[in-house]
Amino acid sequence: MCETKGLLHFLRELRGQGISGCITATKEEKTMDDKHYAKIVEKLAETGDLSDAEFLEVINCTDTELDELLAERARAVRERYYGKDVYLRGLVEYSNICKNNCYYCGIRRGNKNCERYRLTKEQILECGDIGYDLGFGTIVLQGGEDPFFTVDIMAEIIRELKKRHSDIAVTLSIGEMEREDYQRLFDAGADRFLLRHETADREHYGLLHPTEMSFEHRMNCLKALKEIGYQVGAGMMIGSPFQKPEHLVKDLRFLLELKPEMVGIGPFIPHHDTEFKDFPAGSVSLTLRLLSVIRLILPDCLLPATTALGTLDPKGREKGLLAGANVIMPNLSPTDVRGKYLLYDNKICTGEEAAECIRCMERRVESVGYKVAGGRGDHIKRT
Ligand code: SAM
Ligand code: FES
């Protein structure tokens, strides 16, 4: 531990124990804190890594000075790789039917109050057409693990999307499968796959999922997707029930090891019809800080400012962009089903038509000095 840090700890401990009544941060302490943060941020930006203790310190810190330093470096790094460009992905939530029962998720099979829907193949393709005409370079197909959508059906949809619009990228977010199925979908033309690892800690995974779901299987899926050649997205919720700062350190270590091309993180938000309904939502500021940290450990990754962030804070997605994110995923699903794909309470963007959504996103992106970019928006090493 460095000398400065030792002294800071000592002063903080004194404050924590109330030894001196109301010792508040002095000017000197503040300067020392700022210097210490600057050192940590410098190390993170230069090496793309920190010790576990340093990651923990960053996660536990509540000083906004650190957030500002991190965000500033994160923006510089994202601009080095992607300039001022923000990529929009057209999200098609094609089914809210799911065979899984993840405890946190509003569309889990055990939620009897969820009004289920499934788009037809034609409806999905129509969403793709609308998205293409609006200028989206990527269509994301996301859904619960709905047994109706077999590998054959999904492959057919992907092939047809690519046949109609040869210059788009197709991203899948359709859950766990076997390696040969992932391979067949890749061969059909899928380019990217989002599969959040949810947590890199086995025990924590067991608290978020029923025993029928396997930590190993999810991890193996991510490895298989990487090996097949997808641009892969991993990620986790911030503030999920039972999550400890140490779990987040493990998540960062896992991301460093997997080196995914995309990382999806967003705050956990409770859903009233789940076992986790009484747990508090995750923190917006910690999510923003981790967006910056992820930008610095994986400098060229594609990093969405998520809808969950926008749900907890009206300016959440703009703040996400300013923290280092470079992707936004507006909704392309037909408006009559949007309100039924409720993973959590109070989800935003469930009313507007796709065209209105895209204009709204453009305005938001421009309001923070960035611009919506055309094209597929591939990871820089895959362009
Ligand atoms: N079935 C696919 C899968 O398992 O990857 C895709 C759909 S799944 C609903 C997409 C992501 O939503 C999950 O990976 C999870 O991180 C996130 N999610 C689910 N419930 C959530 C909640 N209550 N708050 C925030 N995010 C949630
Ligand atoms: Fe399957 Fe949430 S439990 S999508």
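Residues numbered from 1 in each chain as written. Chains lettered and ligands numbered in written order. Predicted model: local features only at pLDDT ≥ 70, side-chain atom pairs only at ≥ 80, totals over all residues. Heavy atoms only, no water.

J.: Just give me the short version of the nonpolar core, but keep the residues and values in it.
T.: Membership of the largest hydrophobic core comes to 103 residues, with the highest contact counts inside it found for Leu141, Leu172, Leu185 and Tyr230. Ranked by the residues each element gives to this core, the list is headed by helix H11 (residues 284–297), at nine residues. Those residues in contact with Tyr230 that sit more than four places away from it in its chain are Leu172, Tyr182, Leu185, Phe186, Ala190, Asp191, Arg192, Phe193, Leu225, Glu261 and Arg382. Counting residues in each nonpolar core, the second largest holds nine residues, with Tyr87, Leu194, Leu302 and Val327 among its members. (Core = buried A, V, L, I, M, F, W, Y, C linked by side-chain atoms within 4.5 Å. Buried < 20%, exposed > 50% of the residue type's maximum accessible area, 1.4 Å probe, protein only. Helix = DSSP H or I, 4+ residues; strand = E, 2+ residues; numbered from the N terminus. Contact = heavy atoms within 4.5 Å.)

J.: Summarise the site of ligand 1; cite the residues concerned and give the values.
T.: Taken together, 17 residues surround ligand 1, and among them Tyr104, Gly143, Arg196, Glu198 and Ile269 come closest. With respect to ligand 1, the backbone of Tyr104 contributes an N or O atom lying 2.9 Å from a nitrogen atom. Against a free-state accessible area of 560 Å², the protein chains account for coverage of 92% of ligand 1. The cavity that encloses ligand 1 is the largest cavity. When grouped by side-chain class, the residues that make up the shell around ligand 1 number ten nonpolar, four polar and three charged. (Near = heavy atom within 4 Å. Polar contact = N/O pair within 3.5 Å; in protein donor to acceptor, adjacent residues only side chain to side chain. Areas by Shrake-Rupley, 256 points an atom, 1.4 Å probe, with all protein chains shown as cover. 1 Å grid on protein atoms, 1.4 Å probe; cavity = no way out; pocket = protein on both sides within 12 Å on 5 of 7 lines; lining within 4 Å. Sits in = over half its atoms within 2 Å of the grid points. Nonpolar A, V, L, I, M, F, W, Y, C, P; charged D, E, K, R; others polar.)

J.: Explain unusual backbone geometry to me, and be specific about the residues and the numbers.
T.: Although it is not a glycine, Glu198 adopts a positive phi angle of roughly 75°. For Glu198, the position within the fold is in the loop between strand S5 (192–194) and helix H8 (202–208). Notably, Phe242 is not glycine yet its phi reads approximately 70°, a positive angle. With respect to the element layout, Phe242 can be found in the loop between strand S7 (237–238) and helix H10 (245–258).

J.: Explain the packing of aromatic side chains to me, using residue names and the numbers behind them.
T.: All chains considered together, the criterion is met by eleven aromatic pairs. A centroid spacing of 6.0 Å and a plane angle of 80° characterise the contact between Tyr103 and Phe276, whose relative ring orientation is edge-to-face. Here Tyr103, found in the loop between strand S2 (90–95) and helix H5 (121–134), pairs with Phe276, found in the loop between strand S9 (266–267) and H11; they are 173 residues apart in sequence, far enough to count as distant. This pair shows no difference in class: Tyr103 is buried, exactly as Phe276 is. Centre to centre, the rings of Tyr182 and Phe193 are 4.9 Å apart; their planes meet at 75°, and the pair counts as edge-to-face. In this pair, Tyr182 is assigned in helix H7 (residues 179–187) and Phe193 in strand S5, connecting sequence segments eleven residues apart. (Phe/Tyr/Trp six-rings, centres within 6.5 Å; stacked < 30°, edge-to-face > 60°.)

J.: Could you give an account of the pairing of strand S3 (residues 138–143), naming the residues involved and the relevant values?
T.: Within S3, six of the six residues are buried, which leaves the element mostly enclosed by the surrounding structure. Residues Thr138, Val140 and Gln142 line one face of S3 and the alternating positions Ile139, Leu141 and Gly143 line the opposite face, and both faces are buried. Sheet topology places S2 next to S3; five bridges connect them, and they run parallel. Looking across to S3, one finds that Gly90 is bridged to Ile139. (Pairing = 2+ DSSP bridges.)

J.: Go over empty space enclosed by the protein with me, naming the residues and quoting the values.
T.: In this approach the atoms are scanned with a rolling probe the size of a water molecule, which exposes any empty space left behind. The tally for this structure, following the rule as stated, stands at three cavities of 30 Å³ or more. Roughly 940 Å³ of volume is contained in the largest cavity. Contributing to the lining of the largest cavity are 42 residues, with Gln142, Ser173, Arg196, Glu198 and Leu343 lying nearest its centre. Elements with a contribution of two residues or more to the lining of the largest cavity: S2, S3, strand S6 (231–234), S9 and helix H12 (307–312). Split into classes, the residues belonging to the lining of the largest cavity amount to 22 nonpolar, 13 polar and seven charged. Each pocket or cavity is described by its volume, and for the second largest cavity that value is around 90 Å³. As for the second largest cavity, its lining consists of 15 residues, of which Thr307, Met329, Pro330, Asn331 and Cys349 are closest to the centre. (Points joined across faces, edges and corners; volume = space filled by probe spheres on them.)

J.: Outline the packing of H5 against helix H6 (residues 151–164), listing residues and values.
T.: The axes of two packed helices give the description: the angle between them and the distance between them. Interaxial distance between H5 and H6 falls to 10 Å at its minimum, and their mutual angle equals 35°. The way H5 lies across H6 gives a crossing that is right-handed. Contact residues: H5 offers Lys121, Glu122, Ile124, Leu125, Gly128 and Asp129, while H6 offers Glu156, Ile157, Glu160, Leu161 and Arg164. Grouping the amino acids of the contact of H5 with H6 by side-chain chemistry returns four nonpolar, one polar and six charged. (Axes fitted to C-alpha atoms, helices over the stretch in contact; angles between N-to-C directions. Left-handed = near helix turned anticlockwise from the far one by under 90°.)

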